[in-house]
Number of protein chains: 2
Amino acid sequence: MNLQDIYQNLKKDLQRIEEKLQESVKTNHAELHDSATHLLKAGGKRMRPVFVLLAGHMGTYDADRLQQVAVALELIHMATLVHDDVIDDADLRRGKKTVKAEWDNRVAMYTGDYIFARALEGITRIQNPEVQHILSSAIMRMCQGEITQIEDLYNPRQSLRRYLHRIKKKTALLMAISCRLGALVSGADPEMVRRLYAYGYYVGMAFQLTDDVLDITGDEQVLGKPAGSDLRQGNVTLPVIYAIAHVSPSNREKILSHLESEGKNGSAEEILAVVRMSGGVEYTMELSRRYLQKAILSLEFLPSSHARESLRLIAEFIVRRSY
Amino acid sequence: MNLQDIYQNLKKDLQRIEEKLQESVKTNHAELHDSATHLLKAGGKRMRPVFVLLAGHMGTYDADRLQQVAVALELIHMATLVHDDVIDDADLRRGKKTVKAEWDNRVAMYTGDYIFARALEGITRIQNPEVQHILSSAIMRMCQGEITQIEDLYNPRQSLRRYLHRIKKKTALLMAISCRLGALVSGADPEMVRRLYAYGYYVGMAFQLTDDVLDITGDEQVLGKPAGSDLRQGNVTLPVIYAIAHVSPSNREKILSHLESEGKNGSAEEILAVVRMSGGVEYTMELSRRYLQKAILSLEFLPSSHARESLRLIAEFIVRRSY
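Presented here is an overview of the structure given in this document. (Residues numbered from 1 in each chain as written. Chains lettered and ligands numbered in written order. Predicted model: local features only at pLDDT ≥ 70, side-chain atom pairs only at ≥ 80, totals over all residues. Heavy atoms only, no water.)

### Section: the interface of chain A and chain B
Link 1 in the chain: With 49 residues of chain A at the interface, the matching set in chain B holds 49 residues.
Link 2 in the chain: Across the chain A to chain B interface the summed buried area is about 4,700 Å²; carbon plus sulfur atoms make up 68%.
Link 3 in the chain: Put simply, chain A and chain B have zero salt bridges between them.
Link 4 in the chain: Residue assignment for the side of chain A that touches chain B shows that the elements contributing at least two residues are helix H3 (30–41), helix H5 (63–85), helix H6 (90–93), helix H7 (99–122) and helix H8 (129–151) of chain A.
Link 5 in the chain: Residue composition of the side of chain A that touches chain B, grouped by class: 22 nonpolar, 13 polar and 14 charged. (Contact = heavy atoms within 4.5 Å. Buried area = accessible area lost by both parts, 1.4 Å probe. Salt bridge = Lys/Arg side-chain N within 4 Å of Asp/Glu carboxyl O. Helix = DSSP H or I, 4+ residues; strand = E, 2+ residues; numbered from the N terminus. Nonpolar A, V, L, I, M, F, W, Y, C, P; charged D, E, K, R; others polar.)

This is the structure in C-alpha cells:
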C-alpha cells in the first residue's frame, strides 16, 4: 500500500467532501465566491479530511457525519490560510499599497471570517454541542498561536519550549482534532479517541518540524516558494534557534544582527548558509523523527486494520517527504 | 420611565454580563488580553444585551441562559468592531506604515477571530444547536454585508434597495437576532419570537439610518469622530445617494467627481455642504421614522408589560437622539 492507494480507498468520500466544500462557499456575493473558490481550487492535500475518515474507521463508520466533520475542519484550515495571507501580500510589503490592495486585504479578512463561521454553521447539522465546542475552542487556540507567532517575529531569544508550543497551536492541534472528531462521531471508545488524538498531535508536530526544515533546505521549484521565506518574514524556526545557540560567536552575531535589524543587516541567503552549516537542520529532523515514532506508537493500541496501516504510512510519508 | 430607569432595572443582569465578558477575554496571551480588554473598557451601550434581556421577559426568564446569550451577541459585536478597524487605521492610511503598525493590524485580525470563536464556544454551554446555528449564520451574513460595503466603496450608482440590504446585514440583523434569541431561549411562543425579531430588525434599520444622518449633520464633539467620516472612507450612505439624484446638475457632477476620484477631486466639506442642502438628510430621517413606527407596531401584539414599554422607549430614543 502506498499513499496513492490510501487516497484511492477514500476516493468516494473525498469526492463528496469536495462537493460539499464547493457548496459551502457558494454564495451570490461575487467577490466572496471568487476568493473562496480560488482557494478551493488551489487544492491541497486535504490531510484533515483524510484523518477524519481514517479515524472514523475505528468506530461505526457513518459516511455522512464524517464528511460533515471533514468539511468543517477543511474550512477552518482554509480560513486560517486566507487570514495568513492578509496584509502579508507582496503589494503591501513592497510599500506600494494601492486602494485596490487595501480592499483586497479587507475582502480577504471578511472571506476568512465567513469561512470560519460557515464551518461552525455547517457542523450544527450533526446536532452535537461537544463537536461544536471542540471546533470553536480549536479556532481560539489557533488564534492565540498566531498572535504568539506575531509577538515572536524577529525575536532571537526563543526557547525550544516556546517554539514547540507555537507550532502545536499553529499546526498540530487541528490535525489532532481531526483524528479525535473522526473517532468521536463514530462512537469509538474513549481510549481510542484519546490515542487517535495523540497520533494526530504527534504527526502534526512532525509535519511542522519537517516543514520548517524544508523552508531552510528546500528547492524553490519543489516548495513553490523561495527557500528561506520564514526567515524573510521574521518567523524564527527551530533550525535558526538551534544555530543561534551553537554556531561560532561571529556567526551568532550575524544572525542576531540580522534579526534585530528586522532583516536589514546582512542578507537572508547569508544567514541561511550559516543555519544550514550549524547542525540545526539535523537536530530539527531528529526531533521530527522522534515525534514520528511517538505517532506510530500511539497507533499500536488500536486494532490492526487497513485504516491503522494507512495512518502509519501517512505519518512516515510526512517526515520522509524531505529526502 | 426613561432610558436610565431601563438600565437600572436590568442592572444586576448587566453587571453579570459585564463580568462574563471580562472572563471571556481573559487569556494568558498579553497582546490578546490587552487588545480585547481595551475594547471592553471602551464600553458601549450594550444594546444587544439589553435587547436579549428585555425579550427574555416575554417568556420564562432564565437569567443565566439569557446572560450567556447576551455575552455571545456582545462578543460578536465586539469582534466586528475589531475587524472594522483592521487596515482602516490612520497609520496605514497616511501611508506611514511601520512594521509595528502592520503587526498591530495582524494582532487585531486574530483578536477579532478569537472573539468570534469565543462567542460560539461560550454559547455551546446552553446546549441548543439552534442557537448555535442562528449565531454562526448571522456572522456569515454580516461578513457578506461587509464585503458588499467594500464593493460599494466610492460607488455613486447605488440603489436604495442595495443600501437598505447592506445596512440590514451590517446592523439590523444582529439586533433582530438579539431579540429573537432572548425570546427563544425563554420559551416564548413562536409568534412572539417572530414579532420580537421584526421589532429588532426595524429598530436596527432606524438606528443605522439615524447613524448615517448623524455622520452628515453631527457635531464632532458629540460623535467622538469628525463629521463626514463615512464619506471620507468612501462609504456612500443614503443622504448622499439621495443628493446625487436630486441636486442640480453642477452639484451632482461635484459629488460624482469626488467619488469617482476616490475623494481626490473636491473636498469632503464641500460635498457635505451639498448633501446637507439636498433634502437627503430629511428624506433619510423620514425613512428612519417609518422604521421606528414599524418597530413600535411590532410590539403591539405582545402583552402589555414593563419590558414591552422599555422596548418602545428604546426604539424612540434611537431615532430621537439626533435632535
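### Here we look at the environment of lysine 294 of chain B
Residue and element names in this part refer to chain B.
Link 1 in the chain: Secondary-structure assignment places lysine 294 in helix H16 (residues 280–300).
Link 2 in the chain: With relative accessibility at 41%, the residue lysine 294 sits in the partly exposed group.
Link 3 in the chain: When the C-alpha positions of lysine 294 and tyrosine 202 are compared, they lie 6.4 Å apart, and in sequence the two are 92 residues distant. (Buried < 20%, exposed > 50% of the residue type's maximum accessible area, 1.4 Å probe, protein only.)

### Side note on empty space enclosed by the protein
Link 1 in the chain: Across all of its chains, the model carries four cavities of 30 Å³ or more by this definition.
Link 2 in the chain: Within the residue set of the lining of the largest cavity, elements represented by two or more residues are H7 of chain A together with helix H7 (99–123) of chain B.
Link 3 in the chain: Tallied by class, the residues present in the lining of the largest cavity amount to eight nonpolar, no polar and two charged.
Link 4 in the chain: In this structure, the second largest cavity occupies an estimated 60 Å³ of space.
Link 5 in the chain: What lines the second largest cavity is simply Ile123, Thr124, Gln127, Asn128, Pro129 and Gln132 of chain A together with Ile123, Thr124, Gln127, Asn128, Pro129 and Gln132 of chain B.
Link 6 in the chain: Looking at the lining of the second largest cavity, the elements with two or more residues in it are H8 of chain A together with helix H8 (129–151) of chain B.
Link 7 in the chain: Residues that form the lining of the second largest cavity fall into these classes: four nonpolar, eight polar and no charged. (1 Å grid on protein atoms, 1.4 Å probe; cavity = no way out; pocket = protein on both sides within 12 Å on 5 of 7 lines; lining within 4 Å. Points joined across faces, edges and corners; volume = space filled by probe spheres on them.)

### Side note on the environment of threonine 217 of chain A
Residue and element names in this part refer to chain A.
Link 1 in the chain: Mapped onto the elements of the fold, threonine 217 is located in helix H10 (residues 190–217).
Link 2 in the chain: Judged by relative accessible area, threonine 217 falls into the partly exposed class, the value being 39%.
Link 3 in the chain: Placed 20 residues apart in sequence, threonine 217 and tyrosine 197 show a C-alpha to C-alpha distance of 30 Å.
Link 4 in the chain: If near-sequence neighbours (up to four positions away) are discounted, threonine 217 is found in contact with Arg276 and Val281.

### Points about the side chain of serine 278 of chain A
All names here are of chain A.
Link 1 in the chain: In this structure, serine 278 sits in the loop between helix H15 (268–277) and helix H16 (280–300).
Link 2 in the chain: Among the residues examined, serine 278 registers a relative accessible area of 14% and is labelled buried.
Link 3 in the chain: Separated by 3.0 Å, the side chain of serine 278 and the backbone nitrogen of glycine 280 make a polar contact.
Link 4 in the chain: Residues within four places of serine 278 in sequence aside, it is in contact with Pro239, Tyr242, Ala243 and Val247. (Polar contact = N/O pair within 3.5 Å; in protein donor to acceptor, adjacent residues only side chain to side chain.)

### Here we look at the packing of aromatic side chains
Residue and element names in this part refer to chain A.
Link 1 in the chain: Across all of its chains, the model carries 10 aromatic pairs over all chains by this definition.
Link 2 in the chain: With 5.9 Å between their ring centres and 85° between their planes, phenylalanine 51 and tyrosine 199 make a pair best called edge-to-face. Placement of the pair is phenylalanine 51 in helix H4 (residues 47–56) and tyrosine 199 in helix H10, with a sequence separation of 148 residues. The same class applies to phenylalanine 51 as to tyrosine 199, namely buried.
Link 3 in the chain: Seen in terms of ring centroids, tyrosine 201 and tyrosine 291 are 6.5 Å apart; in terms of plane orientation they differ by 90°. Their pairing is edge-to-face. With a gap of 90 residues between them, tyrosine 201 in helix H10 and tyrosine 291 in helix H16 connect regions that are remote in the sequence.
Link 4 in the chain: A relative accessible area of 11% means that tyrosine 291 is categorised as buried. (Phe/Tyr/Trp six-rings, centres within 6.5 Å; stacked < 30°, edge-to-face > 60°.)

### Topic: the pattern of salt bridges
Link 1 in the chain: In this structure the tally under the stated criterion is 36 salt bridges over all chains.
Link 2 in the chain: With its nearest N and O atoms 3.7 Å apart, the salt bridge here joins arginine 289 of chain B to glutamate 286 of chain B. Here arginine 289 of chain B pairs with glutamate 286 of chain B, and both are found in helix H16, just three residues apart, close to one helical turn.
Link 3 in the chain: The exposure class of glutamate 286 of chain B is partly exposed, given its relative accessible area of 38%.
Link 4 in the chain: Each of Glu151, Asp152, Arg162 and Arg166 of chain A takes part in one network of salt bridges that share partners.

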